[in-house]
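Chains, contacts and geometry: an overview
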Amino acid sequence: MNQTGPKAELGDFLRSRRARIRPEDAGLRSFGGRRRVPGLRREELAQLAGVSVDYYTRFEQGRAENVSDAVLGAVVTALRLDAAESAHLTRLVRNAARGPAAPVPGAAQEVRPGLRRLLESMPETPAFILGRRTDILAWNPLFATLITDFAALPPERRNKAWLVFLHPEVRGRFVNWERKARDLVAYLRFDLARHPGDPRFAALIDELALHSPEFTRLWEEREVGEKTHGGYHLRHPLVGEFSLAYESLVLPDDPDQTLITYTAEAGSPSEAALRILAGAAGGAERAAGRRRETSA
């Protein structure tokens, strides 16, 4: 998949958001007839944002200089963007102003020993550290039991997006796979705007697009979103189907690392299922420890 430049990315995003809003829904008079574009025209969006058509055209093309917070806020309001979309638009505007980012290989992300101990201290809570590009940087035994044996994968395959789209076992863990896939793609696009010069990010997008038509379809919808909290309906060969909620905590000293934990409602069948999986994870960990002691 060809990666577009920052100005093209900005224009594509704004056009996709204009397409979602009908003139009559925005309080504008519709004169009927055939419209060349779905949703709002540029001149209609400019009217709603209180700027000239010429200025909005330059804004959408990434040619407007020193875009003020007031103009950004007016466009956000006119397009009815949510918090994640608003933050994404702001980054796209700044990226377009800077021009194409030179490829900058990101330094390997390291997880602090204290965070690894924190993961290990939660034997009954699936937990992991998510990094840039949805790389899975660290995990505890229960999360591995829940999803897959990450230690058996090459480091470059320990990536949440790659696993969900291209790993059959992981894909099968999600009962509503389409929803999980949409959430991941929305987060990937949100995160990509934060790292526009990362060649590994571009390589991941290209690989997913090459091998997954579903990823290409979702990527072209240009949805964006953050991973904050929510829940998924899962399945596992040991316990069948159950539901877990997740919470995401961005590390205060490293916004490129996020601690994500999964929990079940107290007293629910899902909590019972999670306890069974925790027992299986503990047994596997003890067996692995005995093997390490034998080989030492």
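Before going into details, it helps to say that this report is about the structure given with it. (Residues numbered from 1 in each chain as written. Predicted model: local features only at pLDDT ≥ 70, side-chain atom pairs only at ≥ 80, totals over all residues. Heavy atoms only, no water.)

1. Quick look at the packing of helix α4 (residues 69–79) against helix α5 (residues 83–98)
Following both chains from N to C, one finds α4 and α5 inclined at 135 degrees, their axes separated by 11 Å at the closest point. Comparing the axis directions of α4 and α5 gives the class oblique. Crossing angle aside, the handedness with which α4 passes α5 is right-handed. The residues of α5 that touch α4, namely those facing D69, L72, V75 and V76, are S86, L89, T90, V93 and R94. Taken together, the residues of the contact of α4 with α5 break down into 5 nonpolar, 2 polar and 2 charged. (Axes fitted to C-alpha atoms, helices over the stretch in contact; angles between N-to-C directions. Helix = DSSP H or I, 4+ residues; strand = E, 2+ residues; numbered from the N terminus. Parallel < 35°, antiparallel > 145°, perpendicular 65-115°, else oblique. Left-handed = near helix turned anticlockwise from the far one by under 90°. Contact = heavy atoms within 4.5 Å. Nonpolar A, V, L, I, M, F, W, Y, C, P; charged D, E, K, R; others polar.)

2. A few points about the pairing of strand β2 (residues 136–139)
Within a regular strand, side chains alternate between the sheet's two faces. Bridging between strand β1 (residues 127–130) and β2 involves 3 bridges; their strand directions are antiparallel. Along β2, the bridge assignment pairs L130 with I136. As consecutive antiparallel partners, β1 and β2 are separated by 5 residues, and within that stretch R133 has a phi angle of approximately 65 degrees, a positive value. (Pairing = 2+ DSSP bridges.)

3. Some details on the nonpolar core
One finds L146, F150, F165, L188, L208 and F215 to be the most contacted residues of the largest nonpolar core, which totals 44 residues. Ranked by residues supplied to this core, first place goes to helix α10 (residues 177–192) with 7 residues. By size, the runner-up hydrophobic cluster in this structure holds 30 residues, among which are F13, A64, A193 and V224. (Core = buried A, V, L, I, M, F, W, Y, C linked by side-chain atoms within 4.5 Å. Buried < 20%, exposed > 50% of the residue type's maximum accessible area, 1.4 Å probe, protein only.)

4. Describing the side chain of K180
Inspection of the secondary structure puts K180 in helix α10. Here K180 is buried and forms no salt bridge, its nearest opposite-charge partner D183 lying at an N-O distance of 6.4 Å. Not counting the four nearest positions on each side in its chain, K180 is found in contact with K160, V164, F174, K227, Y232 and Y262. (Lys, Arg positive; Asp, Glu negative; His and termini not counted. Salt bridge = Lys/Arg side-chain N within 4 Å of Asp/Glu carboxyl O.)

5. Section: helix α11 (residues 199–211)
Quick reminder: α-helices carry 3.6 residues per turn. Residues three or four places apart thus point the same way. Over its 13 residues, α11 runs 19 Å from end to end, which matches the ideal 18 Å to within 8%, given 1.5 Å per residue. Those residues of α11 that sit buried are F201, L204, I205, L208 and A209. Buried residues along α11 cover an arc of 125 degrees about the axis, so they all sit on one side. Where α11 is buried, its residues meet α8 (160–166), α10 and α12 (213–219). Regarding α11, its N-cap is D198, as a side-chain oxygen of that residue lies 2.9 Å from the backbone nitrogen of R200 further along. (Expected span 1.5 Å × (residues − 1). Arc of directions from axis to C-beta. Polar contact = N/O pair within 3.5 Å; in protein donor to acceptor, adjacent residues only side chain to side chain.)

6. Overview of the sheet that holds β1
The strand order across the open sheet formed by 5 strands is β2-β1-β5-β4-β3, and the pairing between neighbours is antiparallel. With one partner strand each, in any of the chains shown, β2 and β3 (229–236) form the two edges of the open sheet. Recorded for the sheet is a direction-independent mean angle of 30 degrees between the axes of neighbouring strands. Examined bridge by bridge, β1 and strand β5 (residues 254–263) share 4 bridges and lie antiparallel to one another. Residue pairing across strands places F128 opposite I260, the latter belonging to β5. Seen against the sheet, helix α6 (residues 113–120) touches β1, β2, β4 (240–251) and β5 and runs at an angle of roughly 55 degrees to β2.

7. Some thoughts on unusual backbone geometry
In this model, R80 sits at a positive phi of 60 degrees, which is unusual for a non-glycine residue. By the secondary structure assignment, R80 is in the loop between α4 and α5. Of note in the backbone geometry, R222 takes a positive phi value of approximately 60 degrees without being a glycine. With relative accessibility at 15%, the residue R222 sits in the buried group.

Interpretation in functional terms is not warranted from these geometric data alone.
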